[in-house]
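Chain and residue survey
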Amino acid sequence: PIAEDELDSVQVPQISMDGAGNAFAIWGPRKGQVRSIVVNRFDLESGWGTPEPLFELGQFESGFINDPNIAADSKGNALAVWVRNEEPRSEAYASRYVLGVGWSEPETLSEISTGETRSPTVGIDSLGRGLTTRSQSDGSRRNIWSGRFD
């Protein structure tokens, strides 16, 4: 298995492979009141690594996490996105994986401080440049937003 744990639920596992046959998996597990975004890397020679949390809401934090998505480039780098919902608003977050370095601190992608964010997607090219999209409400209408990672 990619991860072994006694979880209450797992949300929308996603996977992306690089050009060399390595892969990244991302999912949103829930164990008790702790909600998180977790990733794991598959190396073609050694198999699955150890699951690693990218973002976590503790027992006393409000909200929930959903819509994880991930993309890998041909050199073994990746870009992950997800949404943190905290009524009445939600925000998209992203974290970048650089081969040999690891995962960056998550950063928010949201451009406005009100409304709801949904369905983030991500793509990454062979040079490691990434683009994200998401649907975000400004309170009166829904717009499509994009973010760029160089």
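See the structure printed just above.
Throughout what follows, the structure given in this document is the object of discussion. (Residues numbered from 1 in each chain as written. Predicted model: local features only at pLDDT ≥ 70, side-chain atom pairs only at ≥ 80, totals over all residues. Heavy atoms only, no water.)

Okay, the overall build of the protein next. Helix and strand counts for the protein come out as 0 helices and 13 strands. Listing every helix and strand of the protein by position from the N terminus yields β-β-β-β-β-β-β-β-β-β-β-β-β. Relative to the globule expectation of 15 Å for 150 residues, the C-alpha radius of gyration of the protein, 15 Å, shows essentially globular dimensions. Residues counted as buried form 45% of the 150 residues belonging to the protein. The long-range share in the protein, meaning contacts at least 24 apart out of those at least 6 apart in sequence, stands at 40%. A total of about 8,100 Å² of accessible surface is found on the protein, and carbon and sulfur atoms cover 49% of it. (Helix = DSSP H or I, 4+ residues; strand = E, 2+ residues; numbered from the N terminus. Rg over C-alpha atoms; globule rule 2.2 N^0.38 Å. Buried < 20%, exposed > 50% of the residue type's maximum accessible area, 1.4 Å probe, protein only. Contact = heavy atoms within 4.5 Å. Areas by Shrake-Rupley, 256 points an atom, 1.4 Å probe, with all protein chains shown as cover.)

Now for the pairing of strand β13 (residues 142-149). Relative to β13, strand β12 (residues 130-137) runs antiparallel, the two sharing 8 bridges. Directly across from Thr132, in β13, lies its bridge partner Gly147. Linkage of β12 to β13, two consecutive antiparallel strands, is achieved through a turn of 4 residues, within which Gly139 is found at a positive phi near 105 degrees. (Pairing = 2+ DSSP bridges.)

Structurally, Arg96 is set in strand β8 (residues 89-98). One buried charged side chain, Arg96, makes no salt bridge at all; its nearest oppositely charged neighbour is Asp73, positioned 6.4 Å away. A distance of 3.2 Å separates the side chain of Arg96 from the backbone oxygen of Phe149, its partner in a polar contact. Side-chain polar atoms of Arg96 contact the backbone oxygen of Asp150, separated by 3.3 Å. When residues no more than four places from it in sequence are discounted, the contact partners of Arg96 are Ala78, Leu79, Gly102, Trp103, Ser104, Gly128, Gly130, Phe149 and Asp150. (Lys, Arg positive; Asp, Glu negative; His and termini not counted. Salt bridge = Lys/Arg side-chain N within 4 Å of Asp/Glu carboxyl O. Polar contact = N/O pair within 3.5 Å; in protein donor to acceptor, adjacent residues only side chain to side chain.)

Counting 16 residues, the largest nonpolar core has Ile70, Trp82 and Trp103 as the members making the most contacts within it. If you list the elements that add at least two residues to this core, you get β2 (23-31), β3 (34-43), β5 (52-57), β6 (64-72), β7 (78-86) and β8. Ranked by size, the runner-up nonpolar core spans 9 residues in total, among them Ala71, Ala94, Leu109 and Ile124. (Core = buried A, V, L, I, M, F, W, Y, C linked by side-chain atoms within 4.5 Å.)

Before going further, it helps to examine the packing of aromatic side chains. One pass over the structure, following the stated rule, counts 7 aromatic pairs. Ring plane angle 40 degrees and centroid distance 4.9 Å describe the contact between Phe55 and Tyr93, whose orientation is recorded as tilted. Taken together, the positions of Phe55 in strand β5 and Tyr93 in strand β8 put the pair 38 residues apart, joining distant regions of the chain. Each of the two residues, Phe55 as well as Tyr93, counts as buried. Look at Tyr97 and Trp103: their rings are 5.2 Å apart centre to centre, the planes differ by 55 degrees, and that puts the pair in the tilted class. Aromatic ring contacts, followed pair by pair, group Phe24, Tyr97 and Trp103 into a single cluster. (Phe/Tyr/Trp six-rings, centres within 6.5 Å; stacked < 30°, edge-to-face > 60°.)

This brings us to the pairing of β6. By the criterion of burial, β6 is predominantly enclosed, with 7 of the 9 residues buried. Where β6 lies against β7, 7 bridges are found, and the strand directions are antiparallel. By the bridge assignment for β7, Ile70 is matched with Ala80. A loop of 5 residues connects β6 with β7, the two strands running antiparallel in sequence, and Gly76 in this loop sits at a positive phi of about 95 degrees.

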